[in-house]
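Each chain is listed here by its residues.
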2 protein chains.
Amino acid sequence: VRVIVWDGNGKRPTGADEIEFFVARYDIGPPPAGALAGLPKLRAVQLLSAGVEHWVGVQPAGVPLFSGRGVHGQSTAELAVAGMLAILRRLPAYEQARAAHRWQREPSGGLAGQRVLVIGSGDIGTRIATAVRALEAEATMVARTARPGVASLGDVPGLLPDFQVVALAVPHTPETDKMVDARFLAAMPDGALLVNVARGALVDTDALLVELNARRLYAYLDVTDPEPPPANHPLWDAPNLFLTPHVGGGAPGWHERAFALVRDQVLRFRAGQPLINEVVAGY
Amino acid sequence: VRVIVWDGNGKRPTGADEIEFFVARYDIGPPPAGALAGLPKLRAVQLLSAGVEHWVGVQPAGVPLFSGRGVHGQSTAELAVAGMLAILRRLPAYEQARAAHRWQREPSGGLAGQRVLVIGSGDIGTRIATAVRALEAEATMVARTARPGVASLGDVPGLLPDFQVVALAVPHTPETDKMVDARFLAAMPDGALLVNVARGALVDTDALLVELNARRLYAYLDVTDPEPPPANHPLWDAPNLFLTPHVGGGAPGWHERAFALVRDQVLRFRAGQPLINEVVAGY
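For the structure given in this document, a descriptive report is provided here. These numbers come from a predicted model, not from an experiment.

A short note on the environment of Leu209(B)
Residue and element names in this part refer to chain B. With respect to the helices, strands and loops of the structure, Leu-209 is situated in helix 6 (residues 205-213). Measuring from C-alpha to C-alpha, the distance between Leu-209 and Leu-235 comes to 7.2 Å, with 26 residues separating the pair along the chain. Residues within four places of Leu-209 in sequence aside, it is in contact with His-233, Pro-234, Leu-235 and Ala-238.

Here's the deal with the interface of chain A and chain B
Each partner contributes residues to the interface: chain A has 49 residues there, and chain B has 49 residues. Of the roughly 4500 Å² buried between chain A and chain B, counting both surfaces, carbon and sulfur atoms make up 63%. Where chain A touches chain B, the interface holds six salt bridges. Its salt-bridge partner being Arg89(B), residue Glu78(A) comes within 3.2 Å of it at the nearest N-O pair. Counting residues per element, the ones that place at least two in the side of chain A that touches chain B are helix 1 (73-88), helix 2 (91-99), helix 3 (123-134) and strand 10 (241-243) of chain A. Among the elements that line the side of chain A that touches chain B, the one with the most residues is helix 1 of chain A, at nine residues.

Observations concerning the relation of the copies chain A and chain B
Least-squares fitting of chain A to chain B yields an RMSD of 0.1 Å, with the transformation described by 0.0 Å of translation along the axis and a rotation of 180°. Taken together, the turn and the small shift mark the pair as related by a two-fold rotation axis.

Some words on the side chain of Gln114(A)
All names here are of chain A. Tracing the backbone through its elements, the reader meets Gln-114 in the loop between helix 2 and strand 4 (115-119). Polar side-chain contacts of Gln-114 include one of 3.1 Å to the backbone oxygen of Gly-110. Not counting chain neighbours up to four residues away, the residues in contact with Gln-114 comprise Ala-137, Glu-138 and Gln-164.

Description of helix 3 (residues 123-134) of chain B
For helix 3 of chain B, with twelve residues, the first-to-last C-alpha span of 17 Å sits near the 16 Å given by 1.5 Å per residue. Every buried residue of helix 3 of chain B is accounted for by Asp123(B), Ile124(B), Gly125(B), Ile128(B), Ala129(B), Ala131(B), Val132(B) and Ala134(B). Against the buried residues of helix 3 of chain B lie helix 3 of chain A together with helix 1 (73-88), strand 4 (115-119) and strand 5 (138-143) of chain B. Following helix 3 of chain B by one or two positions, Glu136(B) adopts a phi angle in the positive range, close to 70°.

Overview of the sheet that holds strand 7 (residues 165-168) of chain B
Residue and element names in this part refer to chain B. Ordered in space as 6-5-4-7-8-9-10, the seven strands form an open sheet in which the pairing is parallel. This sheet does not close on itself; its edge strands, each paired only once, are strand 6 (150-152) and strand 10 (241-243). Mean inter-strand twist for the sheet, computed between neighbouring axes without regard to direction, equals 20°. Bridge count between strand 7 and strand 8 (residues 193-196): four bridges; the pairing is parallel. What sits directly across from Leu-168, in strand 8, is Asn-196.

Comments concerning the pattern of salt bridges
Tallying each qualifying case throughout the model produces 28 salt bridges over all chains. A salt bridge links Asp27(B) to Arg25(B), with the shortest nitrogen-to-oxygen separation between them at 3.0 Å. Taking the shortest distance from any N to any O, the salt bridge between Asp264(B) and Arg263(B) comes out at 3.3 Å. Under the relative-accessibility criterion, Asp264(B) is labelled partly exposed at 30%. It is possible to trace a salt-bridge network through shared partners that takes in Asp7(A), Arg25(A) and Asp27(A).

A few points about the packing of aromatic side chains
Inspection of every chain in the model, using the stated rule, returns ten aromatic pairs over all chains. Their ring planes at 80° and their centres at 6.4 Å tell us that Trp103(A) and Trp236(B) sit as a pair that is edge-to-face. In this pair, Trp103(A) sits in the loop between helix 2 and strand 4 while Trp236(B) sits in the loop between strand 9 (218-221) and strand 10, so the two residues belong to two different chains. Assessed through its relative accessible area of 22%, Trp103(A) is described here as partly exposed. The aromatic ring of Phe163(A) is capped on one face by Arg115(A), whose charged end is 4.8 Å from the ring centroid.

What counts, and at which threshold
Residues numbered from 1 in each chain as written. Chains lettered and ligands numbered in written order. Predicted model: local features only at pLDDT ≥ 70, side-chain atom pairs only at ≥ 80, totals over all residues. Heavy atoms only, no water. Helix = DSSP H or I, 4+ residues; strand = E, 2+ residues; numbered from the N terminus. Contact = heavy atoms within 4.5 Å. Buried area = accessible area lost by both parts, 1.4 Å probe. Salt bridge = Lys/Arg side-chain N within 4 Å of Asp/Glu carboxyl O. Least-squares fit on C-alpha atoms with pLDDT ≥ 70 in both. Polar contact = N/O pair within 3.5 Å; in protein donor to acceptor, adjacent residues only side chain to side chain. Expected span 1.5 Å × (residues − 1). Buried < 20%, exposed > 50% of the residue type's maximum accessible area, 1.4 Å probe, protein only. Pairing = 2+ DSSP bridges. Axes fitted to C-alpha atoms, helices over the stretch in contact; angles between N-to-C directions. Phe/Tyr/Trp six-rings, centres within 6.5 Å; stacked < 30°, edge-to-face > 60°. Lys NZ or Arg CZ within 6 Å of the ring centre and 35° of its normal.

As structure tokens, then:
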């Protein structure tokens, strides 16, 4: 295999016309639209991220796109569970109390015995469900279409009133844009918790702020809209909210998993075998 | 069944001589030494707590003592996992950053792929091990004596260098008093995490503070020695430490579990069957 190091920005490197397999950098956005157009031999673009929405309009027509599904799933699902437990056991309040040298118990719930709705049944959603079940909560998964044991997106409005925790693990697409709107939030019961480790734009931030400021719902967000929130944005000081700066992926081990994925994909490509993680039309 | 409401303090109520089965209150300490002595028909004392060490010297000789094992185990194990994840994913630092309106990522590890040593193989330890395994970490359990798949307390010094996380889930006894001392801590590798949701006196606080202040180890403590720490105690501002105010037990559902335990124990007692959760000599 001949390797050309080029991130898709700037002028095309020597030998670009020979590129068959393009691996995108994880730590920067996609190259500008058109950067990969006209590479005559390009047959595959491999991302190292789970989310692919930024590649809409960049990916050359007719070239298949492959996601980094599995590279960050473990780490992202773990963060969802960490943030869920943090809110349910009031850990942010205890960190504030510690800073003030106060030993003061807060009224608190817990995860065990709760019902958790996991919206998204890919790698991340499946891992979230497995972990919350081990913590003795009941998990119900939601996929685009129902299958045995998995509800459909269309079932969600009817399910929400029965769940104390809702975790989002779906890609951001036109279909899921602001799916958590005022009506969705209104259907969640008092004191329920929304967890978003997926994409900020899944949630209508203004509608969420209304519920948080009324102290009716709780939220844990690793992703926000806008992201990051400007310094004066009301998210920073909203009550009932725990916030982390988009740190779901990129945990230790992701390099190794990314290398392994790319190696396996390149080997499949050379052998003429089907690649995994192909992003299907309409993602 | 005739029920007499008396918490063991103050003068004995009418009918005390008929008491066969004493249920201790959860929310106060044990009655004064001697309070239960000389109750002629007393045959069982049932606690609602997992820890029983405060009853040494209170329990009348010859009367069996039964713990509340199982009543709080779920909630305590869940808190151990919550605090473990909080430290490993740097959630306290993010809460501080949020308060300062800062969107700033911290170098961070995670639980997945780590090796976790769970010292204690009772209800709480078993639940901790189950949960961390579901979060894709490797758990090794330690009991007083080794059995297949479980190490012994004597093995711990040799095991410590290989574990990034050590969780304590043993009762406080003369044998376990300050078991986590300077030598124990020195055997833990750089950057390792100590989790204590059991009893503060299992840990030599001064020795732990040396490691924390050197920023060599991390700790999550739900219990401390002294507890609570006085307002000027160095634990409050120690680096690498996350602290909660002894909130492992008492989570929602504990009343129901306590009622169920006491009911089942009373039914066994009346039927002349063996009771569960007997605290054996030498606890």
